[in-house]
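Spelled out from the first residue to the last, the chains are:
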Amino acid sequence: MEMVFVNGMLQLKFDILQAAGLGAIMYYCGVWIRSKVPLLSRLSIPAPAVGGLIIAVIAAILQANRIVQFVFDSTLQQVFMICFFCTVGMNASYKLVLKGGLMVLAFWGVSTLTSALQNITGIPIAIGFGLNPLMGLIGGSIPMIGGLGTAGAFGALFEDEFGVQGALSAGIACATFGMVAGSLAGGPLGEWLIKFYKLKTPNAAREAPPIITTETEQEALLEEVGSIMKQMPPQDNNADEEDKVSGPHLMKNLAWVLAATGIGSALTVYLKRAGITLPPYVGAMFAAIVIRNIGDKTGKYIIDSKAIGMIGDITLALFITMAINALQLWQLINLAIPLLVMMIVQVGLILIIAYFLVFRLFGKNYDSAVMASGLCGFGLGATPNALVCMQAITSKYGPSEKAFFVIPIVGSFLVDITNASVITIMVGLFR
């Protein structure tokens, strides 16, 4: 660790390995704190946000008192970010979209429209407060639909390429607010829709089991159960062992991810020379989409979604923790009021969209009420927030297979693709 004095203040510089090591340590600090504070889990606040904010707050206090300043090498943070978005692209299989049919396509369309509306709402507020219009995107779909990962990526880009000071810290702050707001808003909205419209729910519609009164009926039931049991595969005590991903298998899928990052990096450089500036992950994500769907179409190779998901979980955890460790929270002082106004407006907007564009257009029934609840979750926070909101409804009123199929597909990767495109178009217009 390098220690130097800059303008009379001690500066601690964390190199590439020290920054990554601290990120791993603070991630598990966040895991431990979440295990001790159940409210954090109920609100789906991720461990990287919990652990990373500890360092960010300590750094802000020390910086404010001119005691010491922390400086982190962000090289591996950038690598982890690009790898994570590659895994998002690697899971974007056209077969899933086709399986979901019109319902998935329609909800994807509504989510993309939500992304655009969030930005159209945020930009005028930023301009009204005398801020750079791009700060309206930082209070728009970047942290809302995009979540922590997109906020970290575009926040850094706005600071480095466009000189928007405080963009990274503001994006992370808005994304954290969105996760809390999404978790709190989705469940009550679904509850209100069900009660106000007196919707027919699975639990209410469930009929009582038939009463078996005769010996003949009992024999018929036993025969039916026996035939079903014969069709069931024998229980495999080694299923858990077979379900594990081996090292070589994980390495093969990691190789595909790294190949996509290399192709994407070359694509990003080419586009920048052509005058098109994009976050470094965009080219890699689209390269990953192409690689995945060529494999699905030709059958020449297989991308394992489970292994890709594991790589995504690891890289996202490290990327977000390292990004939050390095937040410069003191930059938020002058942005507090504009960001608060943006967040309040965004909550109102998502409730309006959930009611008019999801609940009413998707059938005005129980499934659409659960989907509206889910939109609040990932439209303000992330897919886990959506699942928390929907589970709060379905645990009380019964299952919704449509909602639990559509929301994870759209929220986990489809909307990330179109959201990146919407943001890029907006950046081109207002930078």
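Note that the coordinates shown come from a computational prediction; the quantities given were computed from them, not determined experimentally.

**Section: the overall build of the protein chain**
Step number 1: Scanning the protein chain from N- to C-terminus turns up 18 helices and three strands.
Step number 2: Taken over C-alpha atoms, the radius of gyration comes to 24 Å for the protein chain, in line with the 22 Å a tight globule of 431 residues would show.
Step number 3: Here the analysis covers contacts within the protein chain between residues at least 6 apart in sequence; of these, 78% occur between residues at least 24 apart.
Step number 4: Across the protein chain, the mean location of the 25 positive side-chain charges is 9 Å away from that of the 24 negative side-chain charges.

**Description of the nonpolar core**
In a soluble, globular protein the nonpolar side chains are often hidden away together inside.
Step number 1: Among the nonpolar cores identified, the biggest contains 124 residues, and Phe107, Phe158, Tyr281, Phe378 and Val410 are the most heavily contacted of them.
Step number 2: Broken down by element, the residue count for this core peaks at 14 residues, all from helix α18 (residues 401–430).
Step number 3: When sequence neighbours within four positions are dropped, the list of residues in contact with Phe107 reads Val358, Phe362, Met371, Leu375, Phe378, Val406, Ile407 and Val410.

**Concerning the packing of helix α17 (residues 383–397) against α18**
Step number 1: For the pair α17 and α18, the least separation of the axes is 10 Å and the interaxial angle reads 165 degrees. One element, α17, and the other, α18, form an angle in the roughly antiparallel class. At the point where α17 passes α18, the crossing takes the right-handed sense. Touching Thr383, Ala386, Leu387, Met390, Gln391 and Thr394 of α17 are Ala403, Phe404, Ile407, Pro408, Gly411 and Ser412, all from α18.
Step number 2: Here the residues of the contact of α17 with α18 sort into seven nonpolar, five polar and no charged.

**So, the pattern of salt bridges**
Step number 1: All told, the structure shown has four salt bridges when counted by the stated rule.
Step number 2: The salt bridge involving Glu191 is made with Lys396; its shortest N-O contact spans 2.8 Å. Here Lys396 lies in helix α17 and Glu191 lies in helix α8 (residues 167–196), a separation of 205 residues in the sequence.
Step number 3: Taking the relative accessible area as the measure of exposure, Glu191 reaches 16% and is therefore buried.

**A word on the pairing of strand β1 (residues 2–6)**
Step number 1: Pairing between β1 and strand β2 (residues 9–14): five bridges, direction antiparallel. The partner of Glu2 across the bridge, within β2, is Lys13.
Step number 2: Taking the residues between adjacent antiparallel strands as the criterion, β1 and β2 are bridged by two residues, where Asn7 takes a positive phi near 55 degrees.

**Comments concerning unusual backbone geometry**
Step number 1: For Arg66, which is not glycine, the phi torsion reads 55 degrees and is therefore positive.
Step number 2: Structurally, the position occupied by Arg66 is in the loop between α3 (47–64) and β3 (68–72).
Step number 3: We note that Lys364 has phi near 50 degrees; this positive angle belongs to a residue other than glycine.

**Brief notes about the sheet that holds β2**
Step number 1: Here three strands make up an open sheet; going across it, the order is β1-β2-β3 and the pairing mixed. The two strands at the open ends of the sheet, each matched to only one other strand, are β1 and β3. When strand polarity is set aside, the average angle formed by the axes of neighbouring strands in this sheet is 30 degrees.
Step number 2: The pairing of β2 with β3 spans five bridges and is classified as parallel. Residue pairing in the sheet places Leu10 in a bridge with Val68 of β3.

**A few points about the confidence of the model for the protein chain**
Step number 1: Residues at a pLDDT of 70 or more form 90% of the protein chain, whose mean pLDDT is 86.
Step number 2: Counting contacts from residues 235–242, a segment whose pLDDT is below 50, to residues more than four positions away or on other chains yields one contact.

**With respect to a nonpolar patch on the surface**
Step number 1: Together, Phe129, Ile337, Val341 and Val345 make up an exposed nonpolar region whose accessible area comes to about 320 Å².
Step number 2: Secondary-structure assignment places Ile337 in helix α15 (residues 336–359).

What counts, and at which threshold
Residues numbered from 1 in each chain as written. Predicted model: local features only at pLDDT ≥ 70, side-chain atom pairs only at ≥ 80, totals over all residues. Heavy atoms only, no water. Helix = DSSP H or I, 4+ residues; strand = E, 2+ residues; numbered from the N terminus. Rg over C-alpha atoms; globule rule 2.2 N^0.38 Å. Contact = heavy atoms within 4.5 Å. Lys, Arg positive; Asp, Glu negative; His and termini not counted. Charge placed at Lys NZ, Arg CZ, Asp CG, Glu CD. Core = buried A, V, L, I, M, F, W, Y, C linked by side-chain atoms within 4.5 Å. Buried < 20%, exposed > 50% of the residue type's maximum accessible area, 1.4 Å probe, protein only. Axes fitted to C-alpha atoms, helices over the stretch in contact; angles between N-to-C directions. Parallel < 35°, antiparallel > 145°, perpendicular 65-115°, else oblique. Left-handed = near helix turned anticlockwise from the far one by under 90°. Nonpolar A, V, L, I, M, F, W, Y, C, P; charged D, E, K, R; others polar. Salt bridge = Lys/Arg side-chain N within 4 Å of Asp/Glu carboxyl O. Pairing = 2+ DSSP bridges. pLDDT = per-residue confidence, 0-100. Patch = residues over 30% accessible without salt bridge, like charges linked within 9 Å, V, L, I, M, F, W, Y side chains within 5 Å. Areas by Shrake-Rupley, 256 points an atom, 1.4 Å probe, with all protein chains shown as cover.

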